[in-house]
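Spelled out from the first residue to the last, the chains are:
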Amino acid sequence: MNLKKIPLKVYIMIAVALLLGIMSVVLLTKIINNHSFVKAYEYGEYLTEKEEGLLTLNTPESYLPYYNLGNVAYEQQDYNSAIGYFTKALSLLPFGQKECSVRINLALSMVYSIDYTDLSTQDKVDTALIVLYKARDTLLENDWATADGQGHRDDDAQQLKEDIERLIDQIENGSGDSDSDDSDQEQNSNDDQDQSSDNDQSQSEREKKQKDQLDRKKKDAMEERRQEQDDLDKYYKYGSGDEDGGSLGGEGGGGYKPW
């Protein structure tokens, strides 16, 4: 008795069906894990292990887990890690408004990675400015924000770009004032040396005058630094629903939340 040979196309159909079944299970698992991650995130719980499990065989929307993990790193104030995650997410070509969300969170991470309380040397000032310019350029790509404010594709990106430019101006102007102050102090010191032959009373008066001048400059510098910090603090209001805060991430949080 001869057995009827099974056609090759039947084997192919079975293989395709099995492959589709496996892909469906993987996709369903991804959706469930990502949903549980987002729900936990809303309650301040960061289930990073689940989201990290989606980094392998992560299709479609391969940028999604990197974006979500970037938000967690931002919430935990690990801004360098957040920059890494958001940069990776951006390299995986998110589309439409999701690209803008990644760009905004990446720019915010760059802004917060700077220690504005320690710009004591020119190298630190230059480094801070490089980071801020890069953050601004991140928003300018694909016209999400524009240099002149005309034709931008997203209001939040445009507002953040303008805020970053104000920070840049403050740091550049503050640095210039500091250099000028140092020059003035050095000149005063040189003048004192040149006049070392004056009598003790005149020298005492000059020292008192110089001390008063230095105290005023220190007070002005502290006030300027406080103003800069106040301007920076407004970023933390983004997304909190405050009238003055706009719509990008709450205190310690990313601009746009996980998907």
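The notes below deal with the structure included here. Please read these numbers as outputs of a predicted model, since none were measured by experiment.

**Considering the pattern of salt bridges**
- The tally for this structure, following the rule as stated, stands at nine salt bridges.
- Among the salt bridges present, the one from Lys 124 reaches Asp 118, with a minimum N-O distance of 2.6 Å.
- Asp 163 is paired through a salt bridge with Arg 166; the nearest N and O atoms lie 2.2 Å apart. Here the residue Asp 163 and the residue Arg 166 both occupy positions in helix 7 (residues 155-194), the gap between them amounting to three residues, near one helical turn.
- Under the relative-accessibility criterion, Asp 163 is labelled buried at 3%.
- Salt bridges sharing common partners tie together Arg 136, Asp 137, Lys 161 and Glu 165.

**Some thoughts on helix 3 (residues 64-75)**
- Taking 1.5 Å of rise per residue, 12 residues should cover 16 Å, and helix 3 covers 17 Å from first to last C-alpha, within 8% of that figure.
- Across the 12 residues of helix 3, 11 count as buried, placing the element largely inside the fold.
- Every buried residue of helix 3 is accounted for by Leu 64, Pro 65, Tyr 66, Tyr 67, Asn 68, Leu 69, Gly 70, Asn 71, Val 72, Ala 73 and Tyr 74.
- In the stretch just after helix 3, Gln 77 is the one whose phi turns positive, near 60°.

Parameters at a glance
Residues numbered from 1 in each chain as written. Predicted model: local features only at pLDDT ≥ 70, side-chain atom pairs only at ≥ 80, totals over all residues. Heavy atoms only, no water. Salt bridge = Lys/Arg side-chain N within 4 Å of Asp/Glu carboxyl O. Helix = DSSP H or I, 4+ residues; strand = E, 2+ residues; numbered from the N terminus. Buried < 20%, exposed > 50% of the residue type's maximum accessible area, 1.4 Å probe, protein only. Expected span 1.5 Å × (residues − 1).

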